[in-house]
Amino acid sequence: MSLRLFNSLSRQVESFVPMTPGQVRMYVCGMTIYDLCHVGHARMMMAFDVVQRWLKASGYGVTYVRNITDIDDKIIRRAVERGITIRQLTDEMTLAMHQDIAALGIEPPTHEPRATEYVGQMLDLIGKLEHKGLAYRAANGDVNYAVRKFEGYGKLSGKSLDQLRAGERVAVDDGKQDPLDFVLWKAAKPEEPTDAKYESPYGAGRPGWHIECSAMACSLLGEQFDIHGGGLDLQFPHHENEIAQSEGASGKRFVNYWLHNGFVNVDNEKMSKSLGNFFTIRDVLKHYDGETMRFFMLRTQYRSPFNYSDAGLDDARNGLRRLYTALNGVDAGEVSLADIDWSQPHAARFKAAMDEDLNTPIALAVLFELAAELNRGSSLAVARLLKALGGVIGILQQSPQAYLQGDAASAGGLDVAGIEALIAARTEAKKARNFAESDRIRDELAAQGVVLKDGPQGTSWVKA
């Protein structure tokens with residue numbers, strides 16, 4: 001069975017066939033980098049981290065581009081509020097993003113272009129559109145895209161121009177010929193800081209948001225490539241506008257497969273700042289480790305709505321601990337993709353789940369089957385397969401004992417040295433046949449969230 005993906009353009013699951021055999025080119029709309037990343041951003045980056053991991057596991061060479069938008073109205077406003085340069089703000093927030101998503105096991109893309117590094121390419125693209133009559137200069141100095149002149153606008157969103165026009169709630173202003181038209185180049189305003197202004201044939205200004213991704217994608221992947229991804233909220237108008245710009249300029253089909261991850265809800269309500277149910281990745285990492293958060297997100301297929309809740313995270317933590325507990329005490333050693341026999345029944349079921357539009361919940365169910373088998377008998381082959389399949393989706397690569405011990409400092413205020421000292425004292429008490437003292441120490445540790453396990457090699461411990 002070959003990989004099948006839901007294509008938002010055709011609205012159906014299709015067999016995946018790359019343009020170049022054995023090679024995949026993928027672009028994903030990344031962060032507008034003016035603040036810390038939140039759970040919604042984590043969900044998007046996690047979804048496409050899984051996509052690129054599975055493509056690699058399937059034997060493809062992958063060129064993965066995920067951009068950074070480092071110039072826009074929100075960025076300018078935040079930099080001015082803080083009294084720092086735009087570059088200082090975006091460097092700070094980019095570093096924070098890298099730290100946060102690394103904690104979730106999200107791998108770096110092949111390329112991470114910043115919009116400000118591609119202004120020249122954006123201007124070239126605008127020039128092509130103007131030459132073809134698809135862009136026009138407005139009286140206020142902006143350059144706009146003439147949507148009605150591009151045949152096929154609305155094919156990604158599935159809406160006709162008349163339907164889109166009926167949904168417009170704003171009047172034509174700033175020289176737009178039609179409310180559907182969108183800005184390609186924004187003329188600079190006198191009050192804006194100098195570092196927000198770029199020189200162009202249209203005067204000082206900065207690029208519109210939509211043109212950024214078209215320019216960066218085409219520059220790094222070519223005018224045609226395999227996969228374009230992003231959050232469902234970007235399907236219209238951002239991705240629709242990317243198609244209009246890119247295909248309008250090149251005359252070629254822009255992307256073969258459009259992938260969109262589902263929205264994030266918080267306790268079954270849509271996450272939003274206005275509702276006050278808004279959490280940054282750092283908020284979550286104060287209470288849960290990054291692998292637990294990753295495992296939590298893997299339990300929902302990427303296209304489905306994802307419901308964030310503390311109860312869900314607690315359940316995910318317990319589930320991940322079950323997998324690590326099964327691995328604990330079996331030295332699986334270092335494993336890799338090369339160790340997986342895909343004809344083995346569990347591995348075959350895992351592959352079938354991932355090949356069917358990346359169905360991670362079913363893939364995880366296979367891991368729990370392996371864990372149950374491992375609990376029935378400590379088989380090294382089963383342990384190695386469990387660890388290797390977990391590695392495909394970015395989990396189970398820590399030492400089981402280290403994971404299960406977790407942050408020992410949170411166990412009743414005891415650090416690792418304190419726990420080990422009490423275990424040593426208990427061992428001495430048992431040697432002296434002072435079983436009352438031995439039991440007292442065990443109970444003291446248990447009361448502080450530390451569970452002991454006696455075995456032939458001595459006593460080990462984990463957090464409860």
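As the structure is a computational prediction, the values presented were derived from the model and not from experiment. (Residues numbered from 1 in each chain as written. Predicted model: local features only at pLDDT ≥ 70, side-chain atom pairs only at ≥ 80, totals over all residues. Heavy atoms only, no water.)

**Observations concerning the overall build of the protein chain**
Okay, so step 1: For the protein chain, the helix and strand inventory stands at 16 helices and 15 strands.
Okay, so step 2: Seen along its three principal axes, the alpha-carbon backbone of the protein chain occupies a region of about 95 × 55 × 35 Å.
Okay, so step 3: In the protein chain, which comprises 464 residues, the share counted as buried stands at 50%.
Okay, so step 4: Counting contacts in the protein chain only where the partners sit at least 6 residues apart, residues at least 24 apart contribute 73% of the total.
Okay, so step 5: On the protein chain, roughly 20500 Å² of surface is accessible, and the fraction owed to carbon and sulfur atoms is 51%.
Okay, so step 6: Positive and negative side-chain charges in the protein chain, numbering 52 and 60 respectively, have mean positions lying 2 Å apart. (Helix = DSSP H or I, 4+ residues; strand = E, 2+ residues; numbered from the N terminus. Buried < 20%, exposed > 50% of the residue type's maximum accessible area, 1.4 Å probe, protein only. Contact = heavy atoms within 4.5 Å. Areas by Shrake-Rupley, 256 points an atom, 1.4 Å probe, with all protein chains shown as cover. Lys, Arg positive; Asp, Glu negative; His and termini not counted. Charge placed at Lys NZ, Arg CZ, Asp CG, Glu CD.)

**A short note on the side chain of His228**
Okay, so step 1: Mapped onto the elements of the fold, His228 is located in strand 9 (residues 225-231).
Okay, so step 2: Assessed through its relative accessible area of 0%, His228 is described here as buried.
Okay, so step 3: A polar contact is formed between the side chain of His228 and the side chain of Glu242, at a distance of 2.8 Å. (Polar contact = N/O pair within 3.5 Å; in protein donor to acceptor, adjacent residues only side chain to side chain.)

**Describing unusual backbone geometry**
Okay, so step 1: Between Phe236 and Pro237 the backbone carries a cis peptide bond, its omega angle lying at 10°.
Okay, so step 2: Inspection of the secondary structure puts Pro237 in helix 7 (residues 235-250).
Okay, so step 3: The backbone of Arg11 shows a phi angle near 60°, a positive value even though the residue is not glycine.
Okay, so step 4: Here Arg11 shows up in the loop between strand 1 (4-7) and strand 2 (12-15).

**Considerations on the environment of Leu180**
Okay, so step 1: Along the chain, the position of Leu180 falls in the loop between helix 5 (161-166) and strand 7 (182-187).
Okay, so step 2: According to the relative accessible area criterion, Leu180 is buried, its value standing at 8%.
Okay, so step 3: For the pair formed by Leu180 and Ala146, sequence separation is 34 residues and the distance between their alpha carbons is 8.0 Å.

**Things to note about the sheet that holds strand 7**
Okay, so step 1: The strand order across the open sheet built from four strands is 5-6-7-8, with neighbouring strands paired in antiparallel fashion. Among the strands making up the open sheet, the edge pair consists of strand 5 (135-137) and strand 8 (205-207). For this sheet the average axis-to-axis angle between neighbouring strands, irrespective of direction, equals 20°.
Okay, so step 2: With three bridges joining them, strand 7 and strand 8 adopt antiparallel strand pairing. For Ala187, the partnering residue across the bridge sits in strand 8 and is Gly205.
Okay, so step 3: Running at roughly 125° to strand 7, helix 4 (residues 119-131) makes contact with strand 5, strand 6 (143-145), strand 7 and strand 8 of the sheet. (Pairing = 2+ DSSP bridges. Axes fitted to C-alpha atoms, helices over the stretch in contact; angles between N-to-C directions.)

Any link to function would need more than the numbers given here.
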